[in-house]
Amino acid sequence: MSGLIGKKIGMTSLYNADGQALACTVIQAGPCVVTQVRSEEKDGYKAIQLGFGEKKEKNSSQPMIGHFKKANTTPKQKVVEFKEFEVEHELGTSLSVQDVFEEGEFIDVVGNAKGRGFQGVVKRHGFAGVGGQTHGQHNRARHPGSIGACSFPSRVFKGIRMGGRMGNNRVKIQNLRILKVIPEQNLIVVSGSVPGSKNSFLILEK
């Protein structure tokens, strides 16, 4: 599984050959530095660890500073492991967007969804609500309604959909087509939307 670490820049639109406007997301993908190489002999599996984004030394722990110095690079904000990378790379190698991705390919994008706070059942689970204001119905339009039985089983079953914290969880969006690669600025443009707010970190998997 090849890939890179990226940062969400924002959304825009492109026109295809038929003149249709396609909603798409601009992502800064790399440059990433190989900060560690895992091997079968030493670690029991093959993988490479990539680092992305500059970080001040004063904001890094001493063990991590030493870890990055082994790769002859500066401290990084985000570190991710990619198992079974298609091409073997040496420690300290810098990977840019054209080394991994090409236009027309399909990728998976992993990110942290925007936090929505405490939400009710209509927004969180898509409940329809009560509907009209008939039959004496008063201020219950977006309430969950009944959540269980009475004397038997005398409890609420686990997994009942209720209001609660929504968002701020890891989300993977699969099979997004790469519409454009801009190697001079390490940018790729993918179709559709990706999780997270602007400037949030993304993991791009091929």
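Residues numbered from 1 in each chain as written. Predicted model: local features only at pLDDT ≥ 70, side-chain atom pairs only at ≥ 80, totals over all residues. Heavy atoms only, no water.

A. Expanded view of the overall build of the chain. The secondary structure content of the chain amounts to four helices and 12 strands. Here the chain has a C-alpha radius of gyration of 23 Å; the compact-globule value for 206 residues is 17 Å, and the former is much larger. Taken over the C-alpha atoms alone, the chain extends approximately 70 × 50 × 35 Å along its principal axes. Taking all 206 residues of the chain together, the buried fraction comes to 33%. On the chain, roughly 12900 Å² of surface is accessible, and the fraction owed to carbon and sulfur atoms is 48%. Across the chain, the 29 positively charged side chains and the 18 negatively charged ones have centroids separated by 18 Å. (Helix = DSSP H or I, 4+ residues; strand = E, 2+ residues; numbered from the N terminus. Rg over C-alpha atoms; globule rule 2.2 N^0.38 Å. Buried < 20%, exposed > 50% of the residue type's maximum accessible area, 1.4 Å probe, protein only. Areas by Shrake-Rupley, 256 points an atom, 1.4 Å probe, with all protein chains shown as cover. Lys, Arg positive; Asp, Glu negative; His and termini not counted. Charge placed at Lys NZ, Arg CZ, Asp CG, Glu CD.)

B. How the structure looks around the environment of methionine 11. Within the fold, methionine 11 resides in strand 1 (residues 3-15). Classification of methionine 11 by relative accessible area gives partly exposed; the value is 48%. Spatially, the C-alpha atom of methionine 11 lies 24 Å from that of leucine 95, the residues being 84 residues apart in sequence. In contact with methionine 11, other than residues within four places in its own chain, are Ala23, Cys24, Thr25, Gly192 and Ser193. (Contact = heavy atoms within 4.5 Å.)

C. Examining the sheet that holds strand 1 more closely. Pairing within the closed barrel is antiparallel, and its six strands lie in the order 1-2-11-10-7-12. In this sheet, neighbouring strand axes are inclined to one another by 50 degrees on average, regardless of whether the strands run parallel or antiparallel. Pairing analysis gives four bridges linking strand 7 (residues 106-112) to strand 12 (residues 201-205), with the strands arranged antiparallel. Note on strand 12: the bridge partner recorded for valine 109 is leucine 204. (Pairing = 2+ DSSP bridges. Axes fitted to C-alpha atoms, helices over the stretch in contact; angles between N-to-C directions.)

D. Examining the packing of aromatic side chains more closely. Enumeration according to the criterion identifies two aromatic pairs in this entry. On the basis of an interplanar angle of 90 degrees and a centroid distance of 6.0 Å, the ring pair of phenylalanine 52 and phenylalanine 201 is categorised as edge-to-face. One end of the pair, phenylalanine 52, is in strand 4 (residues 47-54); the other, phenylalanine 201, is in strand 12, and 149 residues separate them in sequence. Taking relative accessible area as the criterion, phenylalanine 201 reaches 25% and is therefore assigned partly exposed. Summarising the aromatic geometry, the rings of phenylalanine 82 and phenylalanine 85 are spaced 6.2 Å apart at their centres and angled 85 degrees between planes, so their arrangement reads as edge-to-face. Considered together, phenylalanine 82 and phenylalanine 85 belong to a single accessibility category, that of buried residues. When the ring centre of tyrosine 45 is taken as origin, the NZ or CZ atom of lysine 83, which lies over that ring, is 5.0 Å away. (Phe/Tyr/Trp six-rings, centres within 6.5 Å; stacked < 30°, edge-to-face > 60°. Lys NZ or Arg CZ within 6 Å of the ring centre and 35° of its normal.)

E. A look at a positive patch on the surface. Together, Lys114, Arg116, Lys123, Arg142 and Lys198 line one region of the surface with positive charge. Within the secondary structure, lysine 198 is located in the loop between strand 11 (187-191) and strand 12. The exposure class of lysine 198 is exposed, given its relative accessible area of 60%. (Patch = residues over 30% accessible without salt bridge, like charges linked within 9 Å, V, L, I, M, F, W, Y side chains within 5 Å. Salt bridge = Lys/Arg side-chain N within 4 Å of Asp/Glu carboxyl O.)

F. Spotlight on unusual backbone geometry. Of note, the bond from glycine 30 into proline 31 is cis; its omega dihedral lies within 30 degrees of zero at 0 degrees. In the Ramachandran plot, asparagine 175 falls in the positive-phi region, its phi being about 60 degrees despite a non-glycine side chain. Along the chain, asparagine 175 falls in strand 10 (residues 170-182). The backbone of asparagine 186 sits at a positive phi, close to 55 degrees, despite the residue not being glycine. If you trace the backbone, asparagine 186 turns up in the loop between strand 10 and strand 11. Of the residues examined, asparagine 186 reaches a relative accessible area of 13% and is grouped as buried.

G. Summary view of the pattern of salt bridges. Applying the stated criterion to the full structure yields seven salt bridges. Of the charged contacts, one joins lysine 76 and glutamate 54 as a salt bridge, the two residues approaching to 2.7 Å between their closest N and O atoms. Of this pair, lysine 76 sits in strand 5 (residues 76-83) while glutamate 54 sits in strand 4, and the two are 22 residues apart along the sequence. We note a salt bridge from lysine 206 to glutamate 86, for which the minimum N-O separation is 3.9 Å. Remark: glutamate 86 occurs in the loop between strand 5 and strand 6 (94-95) and lysine 206 occurs in the segment after strand 12; sequence separation between them is 120 residues. For lysine 206, a relative accessible area of 30% gives the class partly exposed. When its relative accessible area of 56% is taken as the criterion, glutamate 86 is described as exposed. Beyond isolated ion pairs, a larger network of salt bridges with shared partners links Arg38, Asp43 and Glu81.

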